[in-house]
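Descriptive analysis of the structure
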2 protein chains.
Amino acid sequence: MSGIRVLVVEDEPLIAEDIRETLDNIDFEVSGVAYDSDIALQELAENTPDIVLLDVNLGSAMDGIEIADLINKKYQIPFIYLTSYADRSTVDRAKHTRPMGYIVKPFDDRDLFTTLEIALHNFSESQPKIELDLELLNSKVLAKITQKEFEILISIFEGKTNRQMADQHFISLNTIKTHVKNLYDKLDVHTRTQAIAKLREMSSYHA
Amino acid sequence: MSGIRVLVVEDEPLIAEDIRETLDNIDFEVSGVAYDSDIALQELAENTPDIVLLDVNLGSAMDGIEIADLINKKYQIPFIYLTSYADRSTVDRAKHTRPMGYIVKPFDDRDLFTTLEIALHNFSESQPKIELDLELLNSKVLAKITQKEFEILISIFEGKTNRQMADQHFISLNTIKTHVKNLYDKLDVHTRTQAIAKLREMSSYHA
DNA sequence: GACAAAATCACCCTGAAGGGTGAGGAATTA
DNA sequence: TAATTCCTCACCCTTCAGGGTGATTTTGTC
């Protein structure tokens, strides 16, 4: 079993129970089922699910999208919308809440399983971590960055000082300085913070 | 019309044409249709689509997942898998390629539309940009960070020097220094790069 | 072995960052 | 009004980063 805890927020008991069964079958744990927004908030606070299945249209105080807003603000856990219709304006409202998935009813076990798997995986990948890939970097930079320079770039990225790097790599402080200088030339920057900003920039855009 | 250019990679001509029609109806532009991986690669190189609809099972040299790998390596554009089945191992292989969506056949116009919209939106949001949110930050930090300090933190994040910040904010260099010092105390760091690293760290984890 | 590329190190100098202390003025609130 | 918080600024001092130049050694490749 995966042990992934799922909160189901769905005001239609029949569908909710169907989902619960499906989740049982595909090895997810249901941390709770909420029929309205009040229970949903309570469940979120008390049972800390790993992911939320969220019906967009709840016949309660808050609808799914409002709950999503709150999840983003308070909990930062991924959620997947369930909806029986998907008009333009709903999609527009919904997408601004950055759902990790969107399932249009009717859906079957496979839909649920794959969407959950992908959503969880994407979520863990979506954490603001910069993909530090030498090859990718070299395809976007003036001169080729060498292996050692790359290691040093990572250390800079991690907030290390030149002294710390020297100790860590067992080489002279002067050597570190040389590498850093060459790195700056290649990245076309002049300070370490600029180098970091450049890294972000380069991994953000595609040519 | 949205003007979003979609590449369809699907070896079954009937389905491919159906998708093309659907996309026309929902205001997406089809940049090309590829029936095998060779054509797909060519289309990717020549027509620079904004997003790719990718059949997992292609009867050609590379399957959809291999194409996805290549997209990640070379183009970094979002893609959505289309598949008629979704067994455990396929899902496992697929999710490592970080698709922005996953549609299980049969699907209808609504599925396609919402998945495309969400995928595109999530993609633009997923760019490694750190969500700099003062409230969120303050919930994770020793002492409360003030508005001005926050502005300065953003400037540091962007690679600015103290001098540049002083000019930009029309205040004295000494004042910037004071703010920076206070900021370091609150973030429990000692250098700007450490502050940036701390920011990444804090926006990566949820309590 | 010759050559090129990468890694190693040194020295010097300037400027920026980091850290300590103190202090005045504005705005908010008790 | 007194207290508090925040923003503002100054001075001093130490450390670190950044930039220029040049040199040796190691490594891999033709």
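In this convention, every chain numbers its residues from 1, walking through the sequence in written order. Chains carry letters from A onward and ligands carry numbers from 1 onward, assigned in written order. The model is predicted, so local features are restricted to residues of pLDDT at least 70 and side-chain atom pairs to those at 80 or more, both for listing and for counting; the totals for chains, interfaces and linings are taken over all residues. Hydrogens and water molecules were not included; the side-chain quantities draw on all heavy atoms of the structure.

**Notes on the pairing of strand 2 (residues 29-34) of chain A**
Residue and element names in this part refer to chain A. Where we set the bar: The cut-offs for exposure are 20% and 50% of the maximum accessible area for each residue type, with area from a 1.4 Å probe on protein chains only; residues under the lower value are buried, those over the upper are exposed, and the others partly exposed. A run of DSSP states H or I qualifies as a helix once it reaches four residues; a run of E qualifies as a strand once it reaches two. Both are numbered from the N-terminal end. If DSSP finds at least two bridges between two strands, the strands pair. When the strands point away from the viewer and the connection leading from the first strand across the helix to the second strand turns clockwise, the crossover is called right-handed.
Burial runs high along strand 2: 5 of the 6 residues are buried. Relative to strand 2, strand 1 (residues 5-9) runs parallel, the two being bridged by 5 bridges. Considered in strand 2, the bridge of Val 8 is made with Val 33. In this fold, strand 1 hands off to helix 1 (residues 13-25), which returns the chain to strand 2; that crossover is right-handed.

**Remarks on the side chain of Ser 31 of chain A**
Residues and elements named next belong to chain A. Stated precisely, the cut-off is as follows: Residue contacts are defined here by distance: any two heavy atoms, one from each residue, within 4.5 Å place the two residues in contact.
Tracing the backbone through its elements, the reader meets Ser 31 in strand 2. The class for Ser 31 is buried, based on a relative accessible area of 12%. If near-sequence neighbours (up to four positions away) are discounted, Ser 31 is found in contact with Arg 5, Val 6, Leu 7, Glu 43, Asn 47 and Pro 49.

**Some words on the protein's contact with DNA strand D**
Let me state the cut-off plainly: One heavy atom suffices: a residue is near a molecule or strand as soon as one of its heavy atoms comes within 4 Å of it. Each polar contact in these results corresponds to two N or O atoms within 3.5 Å; when the atoms are within protein, one needs to be able to donate a hydrogen and the other to accept it, and residues that are neighboring in sequence are counted only if both atoms are side-chain atoms.
Lys 181, Tyr 184 and His 190 of chain A together with Thr 146 and Ser 172 of chain B are the nearest of the 17 residues found near DNA strand D. In DNA strand D, atoms within 4 Å of the protein come 62% from sugar and phosphate. Tyr 184 of chain A is positioned such that a nitrogen or oxygen atom in its side chain is 2.5 Å from a phosphate oxygen of DNA strand D. Within the backbone of Ser 172 of chain B, an N or O atom sits 2.6 Å from a phosphate oxygen of DNA strand D. Going through the elements one at a time, helix 9 (173-187) of chain A together with helix 7 (147-157) and helix 9 (173-187) of chain B are the ones with two or more residues in the surface near DNA strand D.

**Comments concerning the environment of Asn 162 of chain A**
Residues and elements named next belong to chain A. Mapping Asn 162 onto the fold places it in helix 8 (residues 162-169). Overall, the relative accessible area of 18% leaves Asn 162 in the buried class. With 11 residues separating them along the chain, Asn 162 and Leu 173 place their C-alpha atoms 6.5 Å apart. Ignoring anything within four residues of it in the chain, the contact list for Asn 162 reads Leu 173, Ile 176, Lys 177, Val 180 and Arg 192.

**Brief notes about the pairing of strand 1 of chain A**
Residues and elements named next belong to chain A. Judged by how many residues are buried, strand 1 sits mostly within the fold: 4 of 5 residues are covered. Alignment of strand 1 against strand 3 (residues 51-55), held across 4 bridges, turns out to be parallel. Bridge pairing in strand 3 links Leu 7 to Val 52.

**Digging into unusual backbone geometry**
Residues and elements named next belong to chain A. Backbone geometry at Thr 48 places phi at a positive 35°, although glycine is not the residue there. Examined against the element boundaries, Thr 48 turns out to sit in the loop between helix 2 (37-47) and strand 3. Despite not being glycine, Phe 170 has its phi angle at roughly 55°, a positive value. Locating Phe 170 in the fold gives a position in the loop between helix 8 and helix 9.

**So, helix 1 (residues 13-25) of chain B**
All names here are of chain B. Note the cut-off: Each helix should span, by expectation, one fewer than its residue count multiplied by 1.5 Å. The arc refers to the directions leading from the helix axis to the C-beta atoms.
Counted at 1.5 Å a residue, the expected span for helix 1 with its 13 residues is 18 Å, and the 18 Å between its end C-alpha atoms agrees. Buried residues of helix 1: Ala 16, Ile 19, Thr 22 and Leu 23, and no others. Looking straight down helix 1, one finds that the buried residues subtend no more than 125° of arc, so they occupy a single side. Set apart from the buried face of helix 1 by more than 90 degrees, the exposed residues are Leu 14, Glu 21 and Asn 25.

**Overview of the sheet that holds strand 4 (residues 79-83) of chain A**
Residues and elements named next belong to chain A. Rules: Fitted lines through C-alpha atoms give the axes, limited to the stretch in contact for helices. The angle between two N-to-C directions lies from 0 to 180 degrees.
With respect to topology, 5 strands assemble into an open sheet ordered 2-1-3-4-5, the strand pairing being parallel. Looking along the sheet, the strands with just one partner apiece sit at the ends: strand 2 and strand 5 (101-104). Direction aside, neighbouring strands of the sheet carry axes that sit 20° apart on average.

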